[in-house]
Amino acid sequence: MDVVAHGLWGGALFYPQGRKKFIAGALLGMAPDLLSFGVFHVTHPGWISMRLAGEISGPPGLSILPPYVFYAYNITHSLIVWSVAFLLLSSIMKKPPWLLGAWLLHILCDIPTHAASYFPTPFLWPFPTPFVDGIPWSTPWFLAANYTALFVVYCWLFFYFRTEAGIRA
Ligand SMILES: [Zn+2]
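Everything numeric here is computed off the predicted structure, so don't read it as measured data.

Of the regular secondary structure elements, the protein holds 7 helices and 0 strands. Based on the C-alpha atoms only, the size of the protein along its principal axes is roughly 50 × 40 × 30 Å. Out of the 169 residues belonging to the protein, those deemed buried represent 38%. Of the contacts made within the protein by residues no fewer than 6 positions apart, 62% connect residues no fewer than 24 positions apart. Summing over all exposed atoms, the protein offers an accessible surface of approximately 9700 Å²; the carbon and sulfur share of this is 76%. For the protein, the distance from the average position of its 8 positive side-chain charges to the average position of its 6 negative side-chain charges is 21 Å.

Written as structure tokens, this is what we have:
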């Protein structure tokens with residue numbers, strides 16, 4: 001799924017718990033992509049300007065991506081890594097780090113929204129993963145359905161939780 005939608009879904013998960021948790025949820029929701037593709041985009045501004053100018057289309061080709069993008073993508077998109085982090089933080093903090101739910105949601109959303117040909121979700125990494133050949137999130141009807149769902153969910157959240165969020169923020 002695209003990074004903006006990931007952030008909005010992660011934020012929605014924690015919206016009822018106030019502004020700080022909302023922002024943390026949104027950031028953690030985006031983190032798996034920011035820590036992999038984000039690093040590539042920040043270090044390759046030329047690619048973004050060519051993409052925005054329409055000189056190239058689609059996502060960065062696999063051949064131009066440096067190896068760290070693949071390593072980081074494996075680590076940040078693995079349910080195994082997520083589980084280890086969750087258990088570790090649980091024992092350190094003496095309570096479950098529920099905010100990591102936004103990271104978990106990111107992985108779960110990516111599994112069915114990536115085709116096997118471009119960054120299928122390595123959800124069992126470092127173990128062999130039976131990749132899912134999903135519907136690419138850039139498919140127009142999926143983008144429309146996803147943002148419509150986000151719009152409906154945020155309308156509902158604003159309506160039911162605006163007072164609580166305002167007080168707790
Ligand atoms: Zn992702």
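This part takes up the nonpolar core. Counting 11 residues, the largest nonpolar core consists of M1, A5, W9, A12, Y15, C109, F142, L150, Y154, L157 and F161. Contributions of two or more residues to this core are made by α1 (3-14) and α7 (140-168). Among the elements that take part in this core, α7 stands out by supplying 5 residues, more than any other. When near neighbours in sequence (up to four residues on either side) are disregarded, W9 contacts M1, L105, N146, A149, L150 and V153. Formed by 9 residues, the second largest nonpolar core is a distinct cluster that contains W82, F86, W103 and F123.

This brings us to a nonpolar patch on the surface. On the surface, V84, L88, L89, I92 and M93 cluster together to form a nonpolar patch covering roughly 440 Å² of accessible area. Within the secondary structure layout, L89 lies in helix α5 (residues 79-93). Of the residues examined, L89 reaches a relative accessible area of 31% and is grouped as partly exposed.

Let's shift gears to the coordination of the zinc ion. Taken together, D33 (OD), H77 (NE2), H106 (NE2) and D110 (OD) make up the protein donors of the zinc ion, found 2.0 to 2.2 Å from the metal. The motif formed by the donor residues of the zinc ion, counted along the single chain, is D-x43-H-x28-H-x3-D. Taken together, the residues H106 and D110, both in helix α6 (residues 101-110) and 4 residues apart, mark about one turn of the helix. The two residues H106 and D110 agree in class, both being buried.

Below, the discussion takes up the side chain of S90. Looking at the element boundaries, S90 is found in helix α5. A residue is classified by how much of its surface remains accessible, and S90, at 17% relative accessible area, is buried.

Cut-off values and rules
- Residues numbered from 1 in each chain as written.
- Predicted model: local features only at pLDDT ≥ 70, side-chain atom pairs only at ≥ 80, totals over all residues.
- Heavy atoms only, no water.
- Helix = DSSP H or I, 4+ residues; strand = E, 2+ residues; numbered from the N terminus.
- Buried < 20%, exposed > 50% of the residue type's maximum accessible area, 1.4 Å probe, protein only.
- Contact = heavy atoms within 4.5 Å.
- Areas by Shrake-Rupley, 256 points an atom, 1.4 Å probe, with all protein chains shown as cover.
- Lys, Arg positive; Asp, Glu negative; His and termini not counted.
- Charge placed at Lys NZ, Arg CZ, Asp CG, Glu CD.
- Core = buried A, V, L, I, M, F, W, Y, C linked by side-chain atoms within 4.5 Å.
- Patch = residues over 30% accessible without salt bridge, like charges linked within 9 Å, V, L, I, M, F, W, Y side chains within 5 Å.
- Salt bridge = Lys/Arg side-chain N within 4 Å of Asp/Glu carboxyl O.
- Donors = N, O, S within 2.8 Å, 3.2 Å for Na, K, Ca; no water.

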